[in-house]
Amino acid sequence: LNTFTAIRMSEEPTPETKPVSEITPTIDMPASALDKAMEKQMDEQMVKQKKADELRAQEVFIQKPTGRHRCMNCDWEYDEDKGDVAVIGGQIAAGTVFLDLPSNWRCPTCRASKDSFEAISIEIPGFEVNQGYGFGGNSLSGDEKSGLVFGGLAVMAVLMIAGYGLS
């Protein structure tokens, strides 16, 4: 029989470490023992797969709407804060939500229908279940987090330079 033992690189061999032949089925085993060993390994694999699927299900990022919609034909963007009054012939006032636009409204650039627009949203990094923790930093987008970090560095630099000016 094979008497090699299965150990990890960080472990020292111990007397209770099982030989590989007890873990991995071999051809020398009887058919019933081989079936039991294979079934045990399949059950372990299913448990691992279930845990991995649960973690993947939590890996949902929040999509934060920006209030802008992009025409898929010409890339013109409708901004709800501005409306389309800046465009020649535009009659939609600023603050009009995209869903409230009339059904016959068309893209001012390419005349595509309202159905040809897609909402522009930003993805907030991090797991959805963690968004409520912290001081509100978990619900910031990547650009907003970068702005806070580099803005803080700029404020510290100004304070240091101002400190030198006092002396």
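In case you missed it, the structure is sitting above this.
Given the structure is predicted, the values throughout are model-derived calculations rather than measurements.

A. Looking closely at the overall build of the protein chain. The number of helices and strands found in the protein chain is three helices and three strands. By residue count, 16% of the 167 residues in the protein chain fall in the buried class. In the protein chain, once contacts between residues fewer than 6 apart in sequence are set aside, the share between residues at least 24 apart is 42%. Total accessible area computed for the protein chain in this model is approximately 13,100 Å², and 59% of it derives from carbon and sulfur atoms.

B. Quick peek at the sheet that holds strand 2 (residues 77-79). Pairing within the open sheet is antiparallel, and its three strands lie in the order 2-1-3. Taken across any chain shown, the strands that pair with only one partner, and hence form the sheet edges, are strand 2 and strand 3 (117-124). Direction aside, neighbouring strands of the sheet carry axes that sit 45 degrees apart on average.

C. Representation of the nonpolar core within the structure. Judged by nonpolar contacts, Cys71, Trp76, Tyr78, Ile92, Phe98, Leu101, Trp105, Cys107, Ala112 and Phe117 together constitute the single largest core of 10 residues. Not counting chain neighbours up to four residues away, the residues in contact with Ala112 comprise Cys71, Asn73, Arg106, Cys107 and Phe117.

D. Highlighting the side chain of Lys114. Tracing the backbone shows Lys114 in the loop between strand 2 and strand 3. It is Asp115 that comes nearest to the buried, bridge-free Lys114 among opposite-charge side chains, at 7.0 Å.

Conventions adopted
- By convention here, each chain's residues receive numbers from 1 onward along its written sequence.
- Confidence filtering applies because this is a predicted model: local features only for residues at pLDDT of at least 70, side-chain atom pairs given and counted only at 80 or more, and all residues used for totals across whole chains, interfaces and linings.
- Side-chain measures here rest on the full set of heavy atoms in the structure, leaving out hydrogens and waters.
- Going along the chain from the N terminus, every DSSP run of H or I of four or more residues is numbered as a helix, and every run of E of two or more is numbered as a strand.
- Throughout this description, buried means an accessible area under 20% of the type-specific maximum (1.4 Å probe, protein chains only), exposed means over 50%, and partly exposed covers the range between.
- Pairs of residues are marked as contacts when any of their non-hydrogen atoms sit within 4.5 Å.
- Only the protein chains shown count as cover for residues, with accessible areas throughout obtained via the Shrake-Rupley method and a probe of 1.4 Å.
- Here, any two strands with at least 2 DSSP bridges between them count as paired.
- Convention adopted: a line fitted to C-alpha atoms gives each axis, helices being fitted over their contacting stretch, and angles between N-to-C directions are expressed from 0 to 180 degrees.
- By nonpolar core is meant a set of buried Ala, Val, Leu, Ile, Met, Phe, Trp, Tyr and Cys residues that side-chain atoms within 4.5 Å join together.
- A residue counts as positive if it is Lys or Arg and as negative if it is Asp or Glu; His and the chain ends are not included.
- Salt-bridge detection follows one rule: a side-chain nitrogen of Lys or Arg within 4 Å of a carboxyl oxygen of Asp or Glu.

Remember, this is a structural readout, not a statement about activity or role.
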